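Chain by chain, the residues:
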Amino acid sequence: MQKRYSEMTSMELQREIGILKEKAIKAEQMGMSNEYEVLVRKMAMAKAYMIDINQFAIGKTYELTEEPGVFFTITYFNGVFAWGHKGNDTEEIGIPISLLRLPE
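Now for a description of the structure that goes with this document. (Residues numbered from 1 in each chain as written. Predicted model: local features only at pLDDT ≥ 70, side-chain atom pairs only at ≥ 80, totals over all residues. Heavy atoms only, no water.)

Let's shift gears to the packing of helix H1 (residues 10–29) against helix H2 (residues 33–48). Packing of H1 against H2 brings their axes to within 9 Å, and their N-to-C directions diverge by 165°. If you check the angle between H1 and H2, you find them roughly antiparallel. Of the two elements, H1 crosses H2, and the hand of that crossing is left-handed. Contacts between H1 and H2 involve Leu13, Ile17, Leu20, Lys21, Lys23, Ala24, Ala27 and Glu28 from the former and Glu35, Tyr36, Leu39, Lys42, Met43, Ala46 and Lys47 from the latter. Of the residues assigned to the contact of H1 with H2, the class counts are nine nonpolar, no polar and six charged. (Axes fitted to C-alpha atoms, helices over the stretch in contact; angles between N-to-C directions. Helix = DSSP H or I, 4+ residues; strand = E, 2+ residues; numbered from the N terminus. Parallel < 35°, antiparallel > 145°, perpendicular 65-115°, else oblique. Left-handed = near helix turned anticlockwise from the far one by under 90°. Contact = heavy atoms within 4.5 Å. Nonpolar A, V, L, I, M, F, W, Y, C, P; charged D, E, K, R; others polar.)

Pasting the structure below:
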């Protein structure tokens, strides 16, 4: 039985990300776009558990890694998900913190 990402060590998460990356490459090569997207989302989730959530702050705005030029403002956290608003949207959504770019 496989562990949850929240139960894995950093090393186990890195190994899992490597496996998912290999599977995603194969899925993309075979033209399995739905499978590819699922694997990319799983990688984002695994990466979120490797990031210190304290690097982010409620009320702050961060650029989305998958959508350069699009920003996300955090209203609250739930686990490794940041909830808030993308751009000027009024709809509140949750995204893994691994999809937020930290300021340099």
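This is not the end of the story, as more comes after the structure.
A few words on the nonpolar core. In terms of nonpolar packing, the biggest core is built from 25 residues, with Tyr5, Phe72, Ile74 and Leu100 touching the most fellow members. Among the secondary structure elements, those contributing two or more residues to this core are H1, H2, strand E1 (61–64) and strand E2 (67–78). When residues in this core are grouped by element, the largest group, seven residues, is from H2. The residues touching Phe72, leaving out its near neighbours within four places in the chain, are Lys60, Thr61, Tyr62, Leu64, Ala82, Trp83, Gly84, His85, Lys86, Ile93, Ile95 and Leu100. (Core = buried A, V, L, I, M, F, W, Y, C linked by side-chain atoms within 4.5 Å. Buried < 20%, exposed > 50% of the residue type's maximum accessible area, 1.4 Å probe, protein only.)

Tracing the chain through its elements places Ser98 in the loop between strand E4 (93–96) and strand E5 (100–101). Separated by 2.6 Å, the side chain of Ser98 and the backbone oxygen of Ala44 make a polar contact. Once residues lying within four places of it in the same chain are set aside, the contact partners of Ser98 are Ala44, Lys47, Ala48, Ile51 and Thr65. (Polar contact = N/O pair within 3.5 Å; in protein donor to acceptor, adjacent residues only side chain to side chain.)

Aromatic ring pairs are reported here in terms of the distance separating the ring centres and the angle at which the planes meet. Applying the stated criterion across every chain yields a total of three aromatic pairs. Plain terms: the ring middles of Tyr76 and Trp83 are 5.9 Å apart, the flat faces sit at 5° to each other, and that makes the pair stacked. (Phe/Tyr/Trp six-rings, centres within 6.5 Å; stacked < 30°, edge-to-face > 60°.)

If you walk across this open sheet you meet the five strands as E4-E3-E2-E1-E5, and the pairing is antiparallel. Looking at the sheet topology across the chains shown, the edges are occupied by E4 and E5. Where E2 and strand E3 (residues 81–86) come together, six bridges link them in antiparallel fashion. Across the sheet, residue Ile74 finds its bridge partner in E3, namely Gly84. (Pairing = 2+ DSSP bridges.)

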